[in-house]
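One letter stands for each residue in the lines below.
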Amino acid sequence: MSFLGVEQSLSGRRWVGPSADVERATEMLVQQAGLPRAVCQVLARRGVPAMEAPGFLDPKLKELLPDPRAMKDMETAATRFLAAVRAKQRIAVFADYDVDGGSSAALLLVWLRQMGLQATLYVPDRIDEGYGPNVPAMQDLAANHDLIICVDCGTLSHEPIAAAKGADVIVLDHHLGGETLPDCVAVVNPNRQDESGDLGYLCAAGVVFLMLVEAGRQLREAGVKGPDLISLLDLVALATVADVAPLIGANRALVRQGLKVMAQRQRPGLVALSDVARMDSAPNSYHLGFLLGPRVNAGGRIGQADLGARLLSTESQPEAEALSQRLDELNTERRDIENAVRAAAMEQAEERGLDAPLVWAAGEGWHPGVVGIVASRLKEAANRPAIVIGFDGDEGKGSGRSVSGIDLGASIQRLAAEGLLVKGGGHKMAAGLTVMRDQLEPAMARLSELLAKQGAGDSGPADLKLDGTLMPGAATVDLIEQIEKAGPFGASAPAPRYALPDLQIRFAKRVGESHLKLSLSDGVGAGLDAIAFGAFDGPMGEKLSNHGGARFHFAGRLEVNTWGGRQSVQLRLEDAAEAN
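Residues numbered from 1 in each chain as written. Predicted model: local features only at pLDDT ≥ 70, side-chain atom pairs only at ≥ 80, totals over all residues. Heavy atoms only, no water.

## Considerations on the environment of Ile127
Turning to step 1, where the next piece is worked out: Inspection of the secondary structure assignment puts Ile127 in the loop between strand E3 (120–122) and helix H7 (135–144).
Turning to step 2, where the next piece is worked out: Under the relative-accessibility criterion, Ile127 is labelled partly exposed at 43%.
Turning to step 3, where the next piece is worked out: Sequence spacing of Ile127 and Ala305 is 178 residues, and the spatial spacing of their C-alpha atoms is 9.8 Å.
Turning to step 4, where the next piece is worked out: Those residues within four positions of Ile127 in sequence are excluded, and the remaining contacts are His367, Pro368 and Lys397. (Helix = DSSP H or I, 4+ residues; strand = E, 2+ residues; numbered from the N terminus. Buried < 20%, exposed > 50% of the residue type's maximum accessible area, 1.4 Å probe, protein only. Contact = heavy atoms within 4.5 Å.)

## Side note on the pairing of strand E4 (residues 147–151)
Turning to step 1, where the next piece is worked out: The buried fraction of E4 is high, at five of five residues.
Turning to step 2, where the next piece is worked out: Burial along E4 is two-sided: the face carrying Leu147, Ile149 and Val151 and the face carrying Ile148 and Cys150 are both buried.
Turning to step 3, where the next piece is worked out: Strand direction decides the pairing type here: strand E2 (residues 91–95) and E4, joined by five bridges, are parallel. Bridge pairing in E4 places Ala95 opposite Val151.
Turning to step 4, where the next piece is worked out: Relative to strand E5 (residues 168–172), E4 runs parallel, the two being bridged by five bridges. Looking at E5, one finds that Leu147 is bridged to Asp168. (Pairing = 2+ DSSP bridges.)

## Thoughts on empty space enclosed by the protein
Turning to step 1, where the next piece is worked out: Within the structure shown, the criterion is met by one cavity of 30 Å³ or more.
Turning to step 2, where the next piece is worked out: Computed from the structure, the largest cavity encloses a volume of approximately 40 Å³.
Turning to step 3, where the next piece is worked out: Grouping the constituent residues of the lining of the largest cavity by class yields five nonpolar, two polar and two charged. (1 Å grid on protein atoms, 1.4 Å probe; cavity = no way out; pocket = protein on both sides within 12 Å on 5 of 7 lines; lining within 4 Å. Points joined across faces, edges and corners; volume = space filled by probe spheres on them. Nonpolar A, V, L, I, M, F, W, Y, C, P; charged D, E, K, R; others polar.)

## Focus on the layout of surface pockets
Turning to step 1, where the next piece is worked out: Here the second largest pocket defines a volume of roughly 400 Å³.
Turning to step 2, where the next piece is worked out: Considering each element in turn, the lining of the second largest pocket owes the most residues, four residues, to helix H12 (residues 268–276).
Turning to step 3, where the next piece is worked out: Taken together, the residues of the lining of the second largest pocket sort by class into 13 nonpolar, eight polar and six charged.

## A look at the side chain of His174
Turning to step 1, where the next piece is worked out: Here His174 lies in the loop between E5 and strand E6 (186–188).
Turning to step 2, where the next piece is worked out: Owing to a relative accessible area of 5%, His174 belongs among the buried residues under this scheme.
Turning to step 3, where the next piece is worked out: One polar contact links His174 to Asp100, side chain to side chain, over a distance of 3.4 Å.
Turning to step 4, where the next piece is worked out: Within the local environment of His174, its side chain forms a polar contact with the side chain of Asp152, the two groups lying 3.2 Å apart.
Turning to step 5, where the next piece is worked out: Those residues within four positions of His174 in sequence are excluded, and the remaining contacts are Asp100, Asp152, Asn189, Pro190, Asn191, Leu202, Cys203, Ala204, Asp243 and His427. (Polar contact = N/O pair within 3.5 Å; in protein donor to acceptor, adjacent residues only side chain to side chain.)

Structure follows, in C-alpha cells:
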C-alpha cells in the first residue's frame, strides 16, 4: 500500500512508508529508550533494539575496531613494513587515482614522515596507464626501492607484481580477489576469496589504517611509541564515505571519529579544500561525499593523477591552497565533460530500453574519467546496473555501477575469465573493464544474462522509501541534531526521508540551470524552505513552478542550512506529489 496514497509522484515513483514491523519497533523504542520518535524511527529501520540504542548512538572505536590480525597476511605485512622503517629502506607507495587510493597513500606518507622517512608516491595516469600496477611502472619502482606498497589496487596484478624484481611488494586492497593471489610478501584484503568476508565492508583506507594499528602494536611491544593514529582518521572517514563503503560496523565509528578530527581543521589539504568548496559548517558525511570527494577525484579523472594524494599528504599550507584551487578548477571542467557524455549516454540507453537487466551505453572519445559518474546517473534513472564505455580506436574502457543486491564485480570478473573482456574487476557496487570493439555486443549480452540470474531487471522505477510524516513546525535544528546522533548516514545507512504532507507553495524560484528554491507553508503559520537540485531535469521543476495554488505532498531529507552565522532548517527536496 502506498504512503499518503501516492502511487505515482511527479518523478513517477510510488511512495512507500515504514513496514508494520518497523512501526511496532519504533513504538517500543519510544517507550523503552525514551528517545525522540524521529530517532527511534531510524533505529527501528536499522534493527537496533532498545538495550543497544545507547551504544549505537555513541559508537566507540575501541569497541568496534576489529583486531587487525583477523585478516590474513596482516601481521606479515606490518612486520615487513616496520623492518623497512627501522632499516630506513627506500619505500614507494603505488596508489589508485581515486579518493580511496589518495587517502590510503596519504595515510602511509604522513605516518612515515612522522617516523622520519620520505616515501615515493606513484599514481598511474588513468588514460595512459589505466587502473592498478603495470609492468613498466613496477619495474622502474623496483629498480630504485626496497619495498613497494600497493594501496587500493594490486589484488589481481599478478604479472606487474612479478615484474618488480629486487623489491618486496605488499598489497593493501579491498577489491574482489581472484582464485590465485600475486606472488608477494603479503596481500591484505578482506575480499580475498579465502577470507570470511566479515570485514568486506572496509575500503582500502580502512585496511591501511588497520595495518598501521598492527604496526603500532608491534612498535609498542618493542618499547617504541609510534605516530598518533587518531589524528589520521579524517583521511579514513573521507575515503570511506567517498568510496561509498557501507556505513556499518567499524565504519560507523571510523567516520564518526574522523569527522570530529576533520572539524579541528589540522590537515592543510582538507582545510584548503573545505574553504574552496565553501563549507561553512562542521563537516558531515554529505560534505565528504558530495563536496570534498569529487574535488579530490577530479585530478585522477581528467587532470594529473597524483594531485589528490599530494593534497591530502602535504604539510604546506601554500601548496595545499594551490592544489585545492587546481582541483576545484578540474572539478568544474569535469562537470562540463560529464554533462556532454551523460546526455549522449542517456539518449543511447533510452533507445536501447531502460527495462533490461543491464543498462549500457558506449561512445567514441568519451572521457574515461567520467564514465563511472555517468554510469551512476544511468543506474539512478533506471534502477538497474549500468555500464558506460568510452572507446579510443578499437579499445574501450568502461565503468559500471550496481544496485543493491546485485554483485556487479563478480559478474565482470566472470566475463573476463570467459575471454569476453581484456580485463575487468571491482566489487559488488562498482567495477571497471576493458573491452575490444568487436566483443562489445556479445560482452554486454552475456553480462545482462549474468545479472538477470541475480534478479536485475525484476523491479520497476525505485520506490521512494519514507520514514514517516513531519510537519514544518516540528522540523527544528534541535531535531536534526538528535537525528544526526543515529548517523553517520550514507551507503547502507541512508539518512531518514520524510513526507511533509499537504503544503502550499508560497514562493518558487529557479536557481542556476536546473535547481528550484521553494518556500513552503502549512497555511497556519509554520513554514519551511526547500531546495530541489536538478528539478528542471525532470517534470518536477515546471510542475512546482507553475503550481497554480495547488497543494502538494513533499518528500526529502532535512538539513541545517548555515548562512551568515545563523542556522535554519531546509528540506532537500527529492520528490513531490499533488495532494488530493
